[in-house]
Amino acid sequence: MINLDLSATRTLAAANTHYYKEPTDERYIDRVLEYHDIIFMIDGGWSMTELNHEYPLVKNDVLLLASGRHHYTRYPCTPETKTFCLHVAAAPGDRADNPDSVSLPTLIHLRHPQQIQQHFSNLVATYWSAEPFKEKKIESLLSLLLLDLYSECREQQENEGNLAEQAIRIISDAPHHRYTTKEMADLLFVSPKTLNNAMHKKVGMPFYAYEKQQKLKMVALQLKLEPDWKLSQIATAFGFYDEFHMSKAFKQKFGVSPSDYRNMSSTSDLPEVQ
């Protein structure tokens, strides 16, 4: 988390576009800066550690590293990685107790990257220009960037309440597909952590566990309604790797194998599906 005083006058200590054709060294970055380091991932992938927390970055992510904190890389970047990097002057009001300050997450997965990327591009171009009133333009562009990042985070927070419902609907609409947590998070333009937090609030478990539970319920219903289906067909229809993996997961949940469950379907001895 980083605190930024939106009323403060900002200047740039540096602004650059970086291109890494080959992977960097593992400890390519290892520093404590007196200014905020704000990075936009144009392409590729990298990972940065701050306060012992790892932040993996992919295309269209923004990373906000607070001044005075140690941050470093533990792994090389991927080939063909390209970034915008801004070194933004810190302000005395960058504190949580300042009413003009806002708290932004260290890593933001952008839903609307085009405008944010344009701000970075304009800032780098202006920084290296010789145009009149350059510093005033930089100040204005920085204000726009920070305000748009704040708006992006506000929109994501407001949408978080609908995330679980959206994920549940996607699972129901495509029962044959097994989504990873990251795949679903990417579809919804949020981080895996945000998705799992929303799922916990809604259904009391992370996305992966809920998806697995729902697919097993679908399998149980299919066994009951369509007893002539082969187990291999059911496994494919509900996104399991194969019949063996489906049967193993089914027995762990219901205490009986799919075959036994199907045989019991004409009796009242079926395990309760919850």
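Further up the page is the structure itself.
Owing to the predicted nature of the structure, the values given are computational and were not obtained by experimental measurement.

A. Representation of the overall build of the protein in the model. For the protein, the helix and strand inventory stands at eight helices and eleven strands. Relative to the 2.2 N^0.38 estimate, which gives 19 Å for 274 residues, the radius of gyration of the protein is 24 Å and therefore markedly larger than a compact globule would have. Taken along the three principal axes of its C-alpha coordinates, the protein extends 85 × 45 × 30 Å. In the protein, which comprises 274 residues, the share counted as buried stands at 43%. Summed over all atoms, the accessible surface of the protein reaches about 14,500 Å², with 51% contributed by carbon and sulfur. The centroid of the 29 positive side-chain charges in the protein is displaced by 4 Å from the centroid of its 35 negative side-chain charges.

B. Main features of the packing of helix α5 (residues 207-225) against helix α7 (residues 243-254). Where α5 contacts α7, the two axes come as close as 10 Å, and the packing angle between them is 95°. The angle between the axes of α5 and α7 places the two elements in the roughly perpendicular class. Residues Lys-212, Gln-213, Leu-216, Val-219, Ala-220 and Leu-223 of α5 lie in contact with α7, whose contacting residues are Met-246, Ala-249, Phe-250, Gln-252, Lys-253 and Phe-254. In terms of residue class, the contact of α5 with α7 is made up of eight nonpolar, two polar and two charged.

C. Layout of the nonpolar core. Counting residues in hydrophobic clusters, the biggest one holds 30 residues, and the most contacted among them are Leu-12, Val-62, Leu-64, Leu-86, Phe-120 and Leu-149. For this core, the elements supplying multiple residues, two or more each, are β1 (2-5), β2 (12-20), β4 (35-43), β7 (61-65), β9 (81-89), β10 (101-104), α1 (113-127) and α2 (134-173). Look past the residues within four positions of Phe-120 in its chain and what remains in contact with it is Ile-38, Ile-39, Phe-40, Val-62, Phe-84, Leu-86 and Leu-145.

D. Examining the pattern of salt bridges more closely. On inspection of all chains with the given rule, the structure shows eleven salt bridges. Asp-186 serves as the salt-bridge partner of Lys-182, at 2.8 Å between the closest nitrogen and oxygen. Taken together, the positions of Lys-182 and Asp-186, both in helix α3 (residues 181-187) and four residues apart, correspond to about one turn of that helix. With relative accessibility at 44%, the residue Lys-182 sits in the partly exposed group.

The rules behind the values
Residues numbered from 1 in each chain as written. Predicted model: local features only at pLDDT ≥ 70, side-chain atom pairs only at ≥ 80, totals over all residues. Heavy atoms only, no water. Helix = DSSP H or I, 4+ residues; strand = E, 2+ residues; numbered from the N terminus. Rg over C-alpha atoms; globule rule 2.2 N^0.38 Å. Buried < 20%, exposed > 50% of the residue type's maximum accessible area, 1.4 Å probe, protein only. Areas by Shrake-Rupley, 256 points an atom, 1.4 Å probe, with all protein chains shown as cover. Lys, Arg positive; Asp, Glu negative; His and termini not counted. Charge placed at Lys NZ, Arg CZ, Asp CG, Glu CD. Axes fitted to C-alpha atoms, helices over the stretch in contact; angles between N-to-C directions. Parallel < 35°, antiparallel > 145°, perpendicular 65-115°, else oblique. Contact = heavy atoms within 4.5 Å. Nonpolar A, V, L, I, M, F, W, Y, C, P; charged D, E, K, R; others polar. Core = buried A, V, L, I, M, F, W, Y, C linked by side-chain atoms within 4.5 Å. Salt bridge = Lys/Arg side-chain N within 4 Å of Asp/Glu carboxyl O.

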